[in-house]
Amino acid sequence: MKIVINQLEQISGVEIYPIIGLLIFFTFFVLVVYMVVKTDKQEIEEYSNMPLDGNDDLHSDNHQN
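Source: prediction; values computed, not measured. Chains are numbered independently. Their residues run from 1 in the order of the written sequence. Two thresholds apply to this predicted model, a pLDDT of at least 70 for residue-level local features and 80 or more for giving and counting side-chain atom pairs, whereas whole-chain, interface and lining totals are computed over all residues. For side-chain calculations, the full set of non-hydrogen atoms in the structure is used, while hydrogens and water are omitted.

### Description of the overall build of the chain
- Only DSSP runs of H or I with at least four residues qualify as helices, and only runs of E with at least two residues qualify as strands; both kinds are numbered from the N terminus onward. When helices and strands are counted, the chain shows three helices and zero strands.
- Starting at the N terminus, the α and β elements of the chain follow one another as α-α-α.
- The buried share of the chain, taken over its 65 residues, is 0%.
- To measure how exposed things are, a 1.4 Å probe is used in the Shrake-Rupley method; for residues, cover is taken only from the protein chains shown. Accessible surface for the chain amounts to roughly 6,800 Å². Of this, 64% is attributable to carbon and sulfur atoms. Between buried and exposed lies partly exposed: a residue is buried under 20% and exposed over 50% of the maximum accessible area for its type, with that area taken using a 1.4 Å probe on protein chains only.

### What to know about the confidence of the model for the chain
- One confidence number per residue, pLDDT, is output by the predictor and ranges from 0 to 100. Across the chain, the average pLDDT comes to 83, with 83% of residues at or above 70.
- When pLDDT is averaged over each helix and strand of the chain, the minimum, 85, is found for helix 1 (residues 2–10) and the maximum, 95, for helix 2 (residues 16–38).

### Overview of the packing of aromatic side chains
- Pairing of aromatic rings covers Phe, Tyr and Trp, the last counted by its six-membered ring, and requires centre-to-centre distances within 6.5 Å; plane angles under 30 degrees mean stacked, over 60 mean edge-to-face, and any other angle means tilted. Overall, the coordinates contain one aromatic pair when judged by the stated rule.
- For the ring pair Phe25 and Phe29, a centre distance of 6.2 Å and an interplane angle of 25 degrees mean the geometry is stacked. Of this pair, Phe25 and Phe29 are both found in helix 2, four residues apart, which corresponds to roughly one turn of the helix.
- With relative accessibility at 47%, the residue Phe29 sits in the partly exposed group.

### Section: a nonpolar patch on the surface
- Note on patches: the residues involved have over 30% relative accessible area and no salt bridge, like charges join within 9 Å, and the nonpolar side chains Val, Leu, Ile, Met, Phe, Trp and Tyr join within 5 Å. A pairing counts as a salt bridge when a side-chain nitrogen of Lys or Arg comes within 4 Å of a carboxyl oxygen of Asp or Glu. Together, Leu22, Phe25, Phe26, Phe29, Val30, Val33 and Val37 give the surface a local cluster of nonpolar side chains, amounting to about 720 Å² of exposed area.
- Topologically, Val30 is positioned in helix 2.

### Some thoughts on helix 2
- Between the first and last residue of a helix there are one fewer steps than residues, each counted as 1.5 Å, and that sum is the expected span. Look at helix 2: 33 Å from first C-alpha to last across 23 residues, which is about the 33 Å you get at 1.5 Å a residue.
- Of all 23 residues in helix 2, zero are buried; the element is thus mostly exposed.

Next up, the structure:
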């Protein structure tokens, strides 16, 4: 681990990478929270009932037993 730390200390401007990573994570997190809050409650209800509604769109109707 000491070798990695020594190598990273020699790179100029390396201290910006953790900041950029944090900004990307924070932006993505805020975007996901915003989308969840703005999603219509009826749409969420439809998504929650999808496994239970009985429509099996993944399988073809042409499948013969």
